Amino acid sequence: MLNDVAIGLRKNFHVLRRIVLCGLALAGLAGQAWAQGDNGVVLPPLEQSIARELSARPASREWDVVRTTYERRGFAPIWGDAGRRSALIAVVEESRADGLEPADYGIAQLRASAPARPADEDPSVVAARDVLFTGSLAKLVRHLRYGKVDPRSLHSMWNFSPLPDAGTLAAQLQDVLDGESLPAAVAAQAPQVDAYRNLRVALARFRELERAGGWTRIAAGPSLSAGDRGPRVAALRARLLASGDLAASGGASGDRFDDALVSAVKRFQAGHGLDADGAVGMATLEALNVPVTERISRIRANLERWRWVAADIDPDLLLVDVAGFRAELRLANQRVWSTRVVVGRPSRETPSLLDSVQHLVLNPKWVVPPTILREDVIPGMRRNPGYLNSHRLRLVDRSGRTVDASAVDWAGQGGSFPYQVVQSSGADGSLGQIKFALGNRYSIYLHDTPSRALFNRASRAYSSGCVRVQNPLELAVLLLDDPTQWSPEALKAAIATGKTRTVPVNRDITVMLLYYTADADASGTVHFRKDIYDRDARLLSALSS
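Residues numbered from 1 in each chain as written. Predicted model: local features only at pLDDT ≥ 70, side-chain atom pairs only at ≥ 80, totals over all residues. Heavy atoms only, no water.

A. Expanded view of the nonpolar core. Ranked by internal contacts, the top residues of the largest apolar core, which has 70 residues, are Leu137 and Phe206. With sequence-adjacent residues up to four places away left out, Leu137 is seen in contact with Trp79, Leu88, Leu173, Val176, Leu177, Leu182 and Val186. Core analysis: the next-biggest nonpolar cluster, separate from the first, contains 59 residues, Val469, Leu475, Leu479 and Ile532 among them. (Core = buried A, V, L, I, M, F, W, Y, C linked by side-chain atoms within 4.5 Å. Buried < 20%, exposed > 50% of the residue type's maximum accessible area, 1.4 Å probe, protein only. Contact = heavy atoms within 4.5 Å.)

Okay, structure coming up:
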């Protein structure tokens, strides 16, 4: 009976303490409120010291998580065991393997306060140390799970899941604290996807290369190709050997551009988004001469990008790799389809988005979106009255009736344009024969295209923001997921009628438009892409701040 009463008082105390604190903190009386609740239960001296230490911390999301964690455990200390403190220090040092910086988690302060000392008899000293260690772990767990940098500070259209509230973050922190092994529990907070794991391995390998001196630059000069000889060829061989593109059996010396070197150059070019012709021209030479430190920075940036989106990754996923110019469909975490894509040119970037396929449109009509209307169509009509006709476009009013374009004062058009510009469906229409409608408000979607020659280029940033798909019919059949009604033949027949038709999809597919300038495969090969939208520098600056 008495035990039940005590338990009840304890539970009420935890609830009341939170309510009382909210009112008293504003009056500067938070420390007293922590020490004693309305029911008269007084915290032990160490718990009181922890409560006071927390009341002195600034109001922020970071410290809200730590405060909530201690509240839920009655302000009991966490880091009384010296071995546990040493384990956290090791975990913080290991954060470098994820491209993070131990200094962000107070590694110097942790090391200085970790050893047991006579002053440990002083509750205020022990409390300060306990809160320091918990704050360090809370920040590390959040950074590993959701990223250090807020992507919304870099991307105005970012619509992935926001950071959870302090209560949820505190529960996640407590789960880590409750784990049998602190290192294992912390490691489990990082994205559990192959792309992240492979990049993490690549980061370790490139840091080994850095410690070994990296690679030397290849001197400028004429293009190098099969059969050439000279010191620049020898330098090329050493460079590709250092990065692993040329196997050791290919030889570490020799000044002749032989078949093994041609194969290594092609391998390097394919992994860096270049035309794999086996010759070292200006673009290939520039990529070869990027220092290993810059490659390490690029890997760190892309580890951070994976942390941003890991919480939204589903087993069934249509992933568009914007900088890699590819799309792939994954079902039950297995890739079942992939193809080349064309994405937005630098002046019309394809944004990073979380979305879903709403439906398909066969023989789609194209309604010119506001950006293209403002930046292309209206200026085009000002320069050339025949612009609409030459692009198979027509002007319609809000009722859908065709308007005589020659009657419009194009020179005077500015802010609000009272018409729509549309293009009728057809194989030579801008959207081709099929459109994959998404749910975003930015008029971004996937579609077919009549401009198929662009898929043969290594760099494919030519669209106005939407994503052009090389093999759209294959993707459509997979998304429709109805072999009886929507076989490949049935789909082609429906398109052949020329009629515009909206078709619901049977698969509930998450769509991610992501931007990665480096990735790695299971074999350890790293693929670096051109930073077509110049996004890496701002991200790296934020990571270093």
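B. A look at the packing of helix 4 (residues 61-72) against helix 7 (residues 123-146). Relative orientation of the contacting elements helix 4 and helix 7 amounts to 120°, with a least axis distance of 10 Å. Taken together, the axes of helix 4 and helix 7 lie oblique to each other. As for the relative orientation of helix 4 and helix 7, their crossing is right-handed in sense. From helix 4, Glu62, Trp63, Val65, Val66 and Tyr70 reach across to helix 7, where they touch Asp130, Val131, Thr134, Gly135, Ala138, Lys139, Arg142 and His143. (Axes fitted to C-alpha atoms, helices over the stretch in contact; angles between N-to-C directions. Helix = DSSP H or I, 4+ residues; strand = E, 2+ residues; numbered from the N terminus. Parallel < 35°, antiparallel > 145°, perpendicular 65-115°, else oblique. Left-handed = near helix turned anticlockwise from the far one by under 90°.)

C. Representation of the layout of surface pockets. In this structure, the second largest pocket encloses a volume near 1,100 Å³. Lining the second largest pocket are 47 residues, with Arg348, Ile372, Ser463, Ser464 and Gly465 sitting closest to its centre. Here the lining of the second largest pocket gets six residues from one element, more than from any other, and that element is helix 15 (residues 370-383). (1 Å grid on protein atoms, 1.4 Å probe; cavity = no way out; pocket = protein on both sides within 12 Å on 5 of 7 lines; lining within 4 Å. Points joined across faces, edges and corners; volume = space filled by probe spheres on them.)

D. Highlighting helix 18 (residues 488-496). Within the sequence span of helix 18, burial applies to Leu491, Ala494 and Ile495. Buried residues in helix 18, looked at end-on, bunch into an arc of 100°, giving them a common side. Turned more than 90 degrees off the buried face of helix 18, the exposed positions are Glu489, Lys492 and Ala496. Residues of helix 18 that are buried sit in contact with strand 4 (353-362), helix 17 (472-480) and strand 13 (501-504). Once helix 18 finishes, Gly498 follows within two positions and takes phi at roughly 80°, a positive value. (Arc of directions from axis to C-beta.)

E. Geometry of empty space enclosed by the protein. The tally for this structure, following the rule as stated, stands at two cavities of 30 Å³ or more. Empty space within the largest cavity amounts to approximately 80 Å³. Taken together, Arg61, Glu62, Val65, Ala138, Val141, Arg142, Arg145, Tyr146, Leu169, Gln172 and Leu173 form the lining of the largest cavity. Those elements that place two or more of their residues in the lining of the largest cavity are helix 4, helix 7 and helix 8 (166-178). At five residues, helix 7 tops the list of elements feeding residues into the lining of the largest cavity. When its residues are assigned to classes, the lining of the largest cavity shows six nonpolar, one polar and four charged. Taken together, His155, Trp158, Arg305, Trp308, Val309, Ser352, Leu514, Tyr515, Tyr516 and Arg535 form the lining of the second largest cavity. The biggest single contributor to the lining of the second largest cavity is helix 14 (residues 292-309), with three residues. Tallied by class, the residues present in the lining of the second largest cavity amount to six nonpolar, two polar and two charged. (Nonpolar A, V, L, I, M, F, W, Y, C, P; charged D, E, K, R; others polar.)

F. Geometry of the pairing of strand 8 (residues 420-423). Across two bridges, the pairing between strand 5 (residues 366-367) and strand 8 is antiparallel. Looking at strand 8, one finds that Trp366 is bridged to Gln423. Pairing of strand 6 (residues 393-396) with strand 8, which is carried by four bridges, proceeds in the antiparallel orientation. Counterpart to Leu393 in the pairing with strand 8 is Gln423. (Pairing = 2+ DSSP bridges.)

G. Focus on the pairing of strand 6. Examined bridge by bridge, strand 6 and strand 7 (residues 402-403) share two bridges and lie antiparallel to one another. The partner of Leu395 across the bridge, within strand 7, is Val403. Linking two consecutive strands that pair antiparallel, namely strand 6 and strand 7, is a turn of five residues; a positive phi of about 90° is found at Gly400 within it.

H. Local environment of the sheet that holds strand 7. One open sheet holds the four strands; their spatial order is 5-8-6-7, and the pairing between them is antiparallel. Two strands close off the open sheet at either side, each with one partner strand: strand 5 and strand 7.

I. Layout of the environment of Leu480. Locating Leu480 in the fold gives a position in helix 17. Once residues lying within four places of it in the same chain are set aside, the contact partners of Leu480 are Leu360, Trp486, Leu491, Val503, Pro504, Val505 and Asn506.

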